[in-house]
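Listed below, chain by chain, are the residues.
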Amino acid sequence: VEREKFVKQTLRLLWIGADISDYKAEVETGEGASVEEIKWRLAEPPTIEREKKILIFPRARTGFSCVSLTDRKTPVVYAHPMFLSIDTDVTTLPPDTRLPDAKSQHGDGWQVTTTYLRQGAGMKAHFELRLDKTEFALDELDSLNSLCRAASAAADAALYVPID
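So, here's what we can say about the structure. From a predicted model like this one, the values you see are computed outputs, not experimental measurements. (Residues numbered from 1 in each chain as written. Predicted model: local features only at pLDDT ≥ 70, side-chain atom pairs only at ≥ 80, totals over all residues. Heavy atoms only, no water.)

Comments concerning the overall build of the protein
Alright, step 1. Of the regular secondary structure elements, the protein holds three helices and 10 strands.
Alright, step 2. Each helix and strand of the protein, ordered N terminal to C terminal, gives the series α-β-β-β-α-β-β-β-β-β-β-α-β.
Alright, step 3. Over its C-alpha atoms the protein spans a radius of gyration of 27 Å, topping by over 25% the 15 Å that the globule rule assigns to 164 residues.
Alright, step 4. Here the contacts in the protein between residues at least 6 apart in sequence split such that 62% fall between residues at least 24 apart. (Helix = DSSP H or I, 4+ residues; strand = E, 2+ residues; numbered from the N terminus. Rg over C-alpha atoms; globule rule 2.2 N^0.38 Å. Contact = heavy atoms within 4.5 Å.)

Below you can see the structure in the form of structure tokens.
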């Protein structure tokens with residue numbers, strides 16, 4: 001009984017969601033072997049796609065580059081101010097597709113904004129990155145880090161469309 005309990009517990013740890021339907025043990029066969037038989041089912045693995053992830057602004061990452069700020073000893077200097085604007089139009093979406101929430105984040109000399117609007121059966125989305133400041137001193141790197149995080153999060157915005 002203790003062995004059965006141990007085997008079932010171990011199986012459930014290894015295979016989360018395992019439904020054990022039967023356990024049989026033969027302590028010693030005629031050949032001297034110990035045999036255990038376990039019948040169990042596992043629900044569909046959660047890795048099977050039930051929806052397709054579609055990036056809304058797939059090129060946003062290529063428009064603005066963030067430099068490494070770890071152990072930095074010099075200011076970060078951009079060659080010029082920047083304005084990056086991306087519009088995405090989707091003509092048809094399943095009606096129950098959830099749109100991301102609009103966001104606007106800003107700091108000293110920068111702003112990142114995203115908007116998403118239903119339009120008929122589709123959607124219009126807008127991404128905007130504005131960098132007016134071209135130099136970030138060492139004591140301003142937290143602000144630049146916030147800009148990079150905001151731009152990265154906006155670039156990762158996605159629609160999750162159910163797969164039939």
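Focus on the sheet that holds strand 5 (residues 82-90)
Alright, step 1. An order of 5-8-7-6 is seen for the four strands of this open sheet, with the pairing classed as antiparallel. Pairing within the sheet leaves two strands with one partner each, and these edge strands are strand 5 and strand 6 (103-107). Ignoring which end each strand starts from, the neighbouring axes of this sheet average 5° apart.
Alright, step 2. As paired strands, strand 5 and strand 8 (residues 122-131) are joined by nine bridges and run antiparallel to one another. Its bridge partner being in strand 8, Ile-86 is matched across the sheet by Phe-127. (Pairing = 2+ DSSP bridges. Axes fitted to C-alpha atoms, helices over the stretch in contact; angles between N-to-C directions.)

Description of the pattern of salt bridges
Alright, step 1. In this structure the tally under the stated criterion is seven salt bridges.
Alright, step 2. Where Lys-8 meets Glu-4, a salt bridge forms, and the shortest distance between an N and an O atom there is 2.9 Å. Taken together, the positions of Lys-8 and Glu-4, both in helix 1 (residues 2-14) and four residues apart, correspond to about one turn of that helix.
Alright, step 3. Note on Glu-4: relative accessible area 28%, which makes it partly exposed.
Alright, step 4. A single salt-bridge network, built from bridges that share partners, covers Asp-108, Lys-133 and Glu-140. (Salt bridge = Lys/Arg side-chain N within 4 Å of Asp/Glu carboxyl O. Buried < 20%, exposed > 50% of the residue type's maximum accessible area, 1.4 Å probe, protein only.)

What about the packing of aromatic side chains?
Alright, step 1. Enumeration over the complete set of coordinates arrives at four aromatic pairs.
Alright, step 2. Ring geometry for Phe-57 versus Phe-127: centroids 5.5 Å apart, planes at 45°, classification tilted. Within this pair, whereas Phe-57 is found in the loop between strand 3 (51-55) and helix 2 (60-63), its partner Phe-127 is found in strand 8, the two being separated by 70 residues in sequence. The exposure classification of Phe-57 matches that of Phe-127, with both residues buried.
Alright, step 3. The cationic tip of Lys-133 hangs over the ring face of Phe-136; the distance from NZ or CZ to the ring centre is 5.4 Å. (Phe/Tyr/Trp six-rings, centres within 6.5 Å; stacked < 30°, edge-to-face > 60°. Lys NZ or Arg CZ within 6 Å of the ring centre and 35° of its normal.)

Re the environment of Thr-114
Alright, step 1. With respect to the helices, strands and loops of the structure, Thr-114 is situated in strand 7 (residues 110-119).
Alright, step 2. Given a relative accessible area of 4%, Thr-114 falls into the buried group.
Alright, step 3. It is 9.8 Å that separates the C-alpha atoms of Thr-114 and Ala-151, two residues lying 37 residues apart in sequence.
Alright, step 4. With sequence-adjacent residues up to four places away left out, Thr-114 is seen in contact with Phe-57, Asp-101, Ala-102, Lys-103, His-126, Phe-127 and Ala-154.

Some details on unusual backbone geometry
Alright, step 1. The backbone phi angle of Asp-71 is positive, close to 55°, even though this residue is not glycine.
Alright, step 2. Its location among the elements puts Asp-71 in the loop between helix 2 and strand 4 (76-77).
Alright, step 3. For Asp-71, a relative accessible area of 67% corresponds to the exposed category.

A look at the state of the cysteines
Alright, step 1. Going through the model one piece at a time under the given rule, you end up with one disulfide.
Alright, step 2. Paired by a disulfide, Cys-66 and Cys-148 hold their sulfur atoms 2.3 Å apart. Its torsion about the S-S bond being -115°, the disulfide of Cys-66 and Cys-148 is classed as left-handed. Taken together, the residues Cys-66 in the loop between helix 2 and strand 4 and Cys-148 in helix 3 (residues 141-155) connect sequence positions 82 residues apart. (Disulfide = S-S within 2.5 Å.)

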